[in-house]
Amino acid sequence: MQKIFKYKSSILITKILTRLIKYCNVGAGTNFPGKIGRLIAPDILSYLVNQAKKEIIVVTGTNGKTTTSGFIANILNAAGRKTAHNKKGANMLTGLTSAIIQECNQNTELNVDHCLLEIDEAYFCKAVDEFNPNLLVITNLFRDQLDRYGELDTTARKIKEAIAKTITKKPLKVILNADDPIVSSITQGKNVENIYFGFRNIIFVGQDTDIKSPQEAASCKCGQKYNYSKIFYGHLGHYNCTCGISRPKPDIEADVKIDVSSSTITVFSQKYGEFKVKLNMPGLYNAYNALASISACLELGISVKEIIQGLENYSTIFGRAELTYLKGKPTLIQLIKNPIGATEVLRTVKDDKTSKLLIIINDDYADGRDVSWLWDANFELLFGHEKQIITSGIRAADMAVRLKYAGINQNNLKIIKNIDNAVKYSLLNLQTDEKLCILPTYTALLQLQKILKKY
Ligand SMILES: [Zn+2]
């Protein structure tokens, strides 16, 4: 009896705090309410998530968590399945708690088919102490915010530990990126069923494909560096090692044609047949996110028709390749947060000659305090970019220095530290044939979201 009272209080107070924060416009309100809710009932998240009637789905990895889970949510919606989802991308335990509480009623009932949780790769290990996923999706593992997570191996080890701790009646299904050697070798043992996805061929239409992403060291367990017959980006590709370990044959394999603003994915699967999906988003990284979501949804028993429908009518989440109109002017916002992800975003920008750039770099905790990653991202791709580039945010000056070293024409560079003023300036000077492309780090994106409400 007392327990139910605790749950009810936790839910009520978390909901009130969320509304209050939103009403007073003092932040996104994604973490603090959940923190208080967990103080009142420490097991509230576990209590709610375990009410899901069907699979509990967890999406983790370095890049693409928010977009991949957004795709899955849209497909589940197209299939008529009710889902509780931390759609704002707050992916630590407090954020998850805030988000899931919003979905339940005052009788502490969740009433959903699925819980779909995007979880920070460093927090996944803690999350499995509270609930166990039935389906786990791992998008990729790249170097990200080194000061927070340590080396890649540590992250991989933490995910391994989390999987080992997961207890389910049926084997845990894990959707793995076969093209990422760190991800593909992460799970072993009889309690897991691995389902691999990967690309067979990638064709860039009208783009310069010679430019590679920064290479990250990917070494085999035996200590030797992998050999690649194909490199797609970062350490993703078709790899093998002289010791015999090689890229696993994907269960869900695809060819993709990448255009400047969209891509066409042709999926081949022995189990599910062949089908085509058109994705209205730029970049190879989004094609990977789509393929991960397709694989997950096929395993959840969703039909190909509903998958295609869910992906083709997907409208982007704030800051994830979202095209909006500010004062009638086309604006594309794309989050950047680590060398590999940023390089892939820059590649899409480079091919778009009409875009004027506003790059906003913060170094708050959630961005990673260390901005040395700017030097690993391939800003050289912007060499020869004719339109103006404005840098903003706490580290606006560092960004400008980075661009200077990338060989950007100094006359095209402008530093406006204040984000509000930078947005105003960029829009004011935008020509009719130009598009504004904003590339913010995570906390800059949150600030931007608040600023853009006025437009
Ligand atoms: Zn080896």
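In this text the structure is predicted, and so the values were computed from the model without any measurement.

**Quick look at the packing of aromatic side chains**
Counted by the stated rule, this structure contains 8 aromatic pairs. Seen from their ring centres, Y228 and Y239 are 6.2 Å apart, and the 65° between their planes marks the pair as edge-to-face. Here Y228, found in strand β7 (residues 227–233), pairs with Y239, found in strand β8 (residues 236–240); they are 11 residues apart in sequence, far enough to count as distant. In this structure Y239 comes out as buried when scored by relative accessible area, which is 3%. On the numbers, 6.0 Å between centres and 70° between planes, the contact of Y233 with Y288 is edge-to-face. With Y233 in strand β7 and Y288 in helix α10 (residues 284–299), the pair connects residues that are 55 residues apart, well separated along the chain. Comparing Y233 with Y288, the two get one shared label, buried. Chaining the aromatic ring pairs together yields one cluster made of F142, F199, Y233 and Y288.

**A word on helix α12 (residues 339–350)**
Compared with the 16 Å implied by 1.5 Å per residue over 12 residues, the 16 Å span of α12 between its first and last C-alpha is a close match. α12 sits mainly inside the fold: 12 of its 12 residues count as buried. Burial in α12 covers these residues: P339, I340, G341, A342, T343, E344, V345, L346, R347, T348, V349 and K350.

**A few points about the pattern of salt bridges**
As enumerated under the stated definition, the model contains 19 salt bridges in all. In this structure, R157 engages E161 in a salt bridge whose closest nitrogen and oxygen atoms are separated by 3.3 Å. Of this pair, R157 and E161 both sit in helix α8 (residues 152–165), separated by 4 residues, roughly a single helical turn. On the basis of relative accessibility, which here comes to 45%, the residue R157 falls in the partly exposed class. Relative accessible area serves as the criterion here: at 36%, E161 is assigned to the partly exposed category. Put simply, D179, R247, K249 and E253 are held in one network by salt bridges that share partners.

**Description of the packing of helix α4 (residues 65–78) against α10**
Direction vectors running N to C along α4 and α10 enclose 45°, while the axes themselves pass 8 Å from each other. Taken together, the axes of α4 and α10 are oblique relative to one another. Classified by chirality, the crossing of α10 by α4 is right-handed. Note on element contacts: α10 touches α4 through N286, N289, A290, A292, S293, A296 and C297, opposite T67, T68, F71, I72 and I75. Classifying every residue of the contact of α4 with α10 gives 7 nonpolar, 5 polar and no charged.

**Regarding the domain arrangement of the chain**
Splitting the chain by domain gives domain 1 (2–249 + 282–312) and domain 2 (320–452). Relative to domain 2, the C-alpha centre of domain 1 lies at a distance of 27 Å.

**Section: a positive patch on the surface**
On the surface, R19, K22, K88, K450 and K453 cluster together to form a positively charged patch. Note that R19 resides in helix α1 (residues 2–24).

**What to know about the side chain of S295**
Tracing the backbone through its elements, the reader meets S295 in helix α10. Judged by its relative accessible area of 1%, S295 is buried. Apart from the residues within four sequence positions on either side, S295 is in contact with I175, F197 and I252.

**Thoughts on the coordination of the zinc ion**
C220 (SG), C222 (SG), C241 (SG) and C243 (SG) make up the full set of protein donors to the zinc ion, lying at 2.2 to 2.3 Å. One can describe the site at the zinc ion as tetrahedral: its 4 donor atoms subtend angles covering 102 to 116° at the metal. Written as a sequence motif, the donor arrangement for the zinc ion is C-x1-C-x18-C-x1-C. C243 gets classed as partly exposed once you look at its relative accessible area, which sits at 41%.

Calculation rules
Per-chain numbering applies: the sequence of each chain, read as written, is numbered from 1 onward. With the structure being a predicted model, the display of local features is reserved for residues of pLDDT at least 70 and the display and counting of side-chain atom pairs for 80 or more, all residues being used for whole-chain, interface and lining totals. Side-chain numbers come from the whole structure's heavy atoms, not from hydrogens or water. For Phe, Tyr and Trp, where Trp contributes only its six-membered ring, two rings pair if their centres lie within 6.5 Å, and the inter-plane angle classes them as stacked under 30 degrees, edge-to-face over 60, or tilted in between. Note on conventions: DSSP H or I runs of at least 4 residues are helices, E runs of at least 2 residues are strands, and numbering of each starts at the N terminus. The buried label goes to any residue with under 20% of its type's maximum accessible area, the exposed label to any with over 50%, and the partly exposed label to all in between, with areas taken from a 1.4 Å probe on protein chains only. Every helix has an expected span of 1.5 Å times one less than the residues it contains. By definition, a salt bridge exists where a carboxyl oxygen of Asp or Glu is found within 4 Å of a side-chain nitrogen of Lys or Arg. Fitting a line to C-alpha atoms yields each axis, with helices limited to the stretch in contact; the angle taken between N-to-C directions then spans 0 to 180 degrees. Working rule for angles: under 35 degrees goes down as roughly parallel, over 145 as roughly antiparallel, 65 to 115 as roughly perpendicular, anything else as oblique. We call a crossing left-handed when the near helix sits turned anticlockwise from the far one by less than a right angle, and right-handed when that turn is clockwise. Whether two residues touch is decided by their heavy atoms; if any such pair falls within 4.5 Å, the residues are in contact. Three classes are used, and their members are as follows: Ala, Val, Leu, Ile, Met, Phe, Trp, Tyr, Cys and Pro are nonpolar, Asp, Glu, Lys and Arg are charged, and the others, Gly among them, are polar. Start and end positions for the domains come from either an automated domain assignment or a database one. Every patch collects residues that have over 30% relative accessible area and no salt bridge, joining them within 9 Å if they carry like charges and within 5 Å if they are nonpolar side chains (Val, Leu, Ile, Met, Phe, Trp, Tyr). Every accessible area reported is derived by Shrake-Rupley at a probe size of 1.4 Å, with residue values counting cover from the shown protein chains alone. Charge counting follows a simple rule: Lys and Arg are positive, Asp and Glu are negative, and His as well as the terminal groups are ignored. The atoms used to mark charge sites are NZ of Lys, CZ of Arg, CG of Asp and CD of Glu. Only nitrogen, oxygen and sulfur atoms count as donors, using a 2.8 Å cut-off from the metal that widens to 3.2 Å for Na, K and Ca. Water is left out, so coordination shells may look unfilled. Under this scheme a four-donor centre is tetrahedral when all angles range from 85 to 135 degrees, a four-donor centre is square planar and a six-donor centre octahedral when opposite donors are above 155 degrees with the rest from 65 to 115, and any other centre is irregular.

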